[in-house]
Amino acid sequence: MATRYQTPTRTARAANVVVRWLAELGISIAGTRALRVRGRKTGKLRAVVVNLLTVDGVDYVVSPRGDTQWARNVRAAGVVDVGPRWRRERVVISEVADDAKPELLTRYLARWYWQVKGYVGGLTPRSGDDELRAAAPSIPVFALGAGR
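Residues numbered from 1 in each chain as written. Predicted model: local features only at pLDDT ≥ 70, side-chain atom pairs only at ≥ 80, totals over all residues. Heavy atoms only, no water.

## A closer look at the pattern of salt bridges
Line of reasoning, step 1. All chains considered together, the criterion is met by seven salt bridges.
Line of reasoning, step 2. In this structure, Arg72 and Asp67 form a salt bridge, with 3.6 Å as the shortest nitrogen-oxygen distance.
Line of reasoning, step 3. Arg72 sits in the partly exposed class, given a relative accessible area of 28%.
Line of reasoning, step 4. Look at Asp67 and you get buried, because its relative accessible area is 9%.
Line of reasoning, step 5. Of the charged contacts in the structure, one is a salt bridge between Arg90 and Asp81, with a shortest N-O distance of 2.7 Å.
Line of reasoning, step 6. For Asp81, a relative accessible area of 10% translates into the label buried. (Salt bridge = Lys/Arg side-chain N within 4 Å of Asp/Glu carboxyl O. Buried < 20%, exposed > 50% of the residue type's maximum accessible area, 1.4 Å probe, protein only.)

Here it is as structure tokens:
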């Protein structure tokens, strides 16, 4: 995987804290969900807010900023908790192969481009298959599956 990570600004970090707090309370803004994953180094639960994309009954999460800490933690853990504090669901999570990402990225950008346009590696909702395939290795995409 090509390593790319676009650091959030101070304003973006502050906004993410507010949106994550709301997601933890069960208030979704444009499809946001609270995701908790165990840190690969500390073992502590780490929280992040993600946009949950559902395609053909399968839920996906995308790391538009690239190879973030939460994406690395997800790879290491293989299991995450999704949902508000009182109704979290433990699910198995696995990374999607690069050749399957273009369709998912197209749908993701169609829905959340307004939110991620500044840090999705130059992609737009009108990006062609070649552009999407070229960017796929640098944008982690994970499939959620039920697991207890």
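From this point on, the discussion continues.
## A few points about helix α2 (residues 69–77)
It helps to recall that an α-helix has 3.6 residues per turn; residues three or four apart then point in one direction.
Line of reasoning, step 1. Among all positions in α2, only Trp70, Ala71, Asn73 and Val74 are buried. End-on view of α2: buried residues confined to an arc of 160°, all on one side of the axis.
Line of reasoning, step 2. One or two residues past the end of α2 sits Gly78, with phi positive at roughly 75°. (Helix = DSSP H or I, 4+ residues; strand = E, 2+ residues; numbered from the N terminus. Arc of directions from axis to C-beta.)

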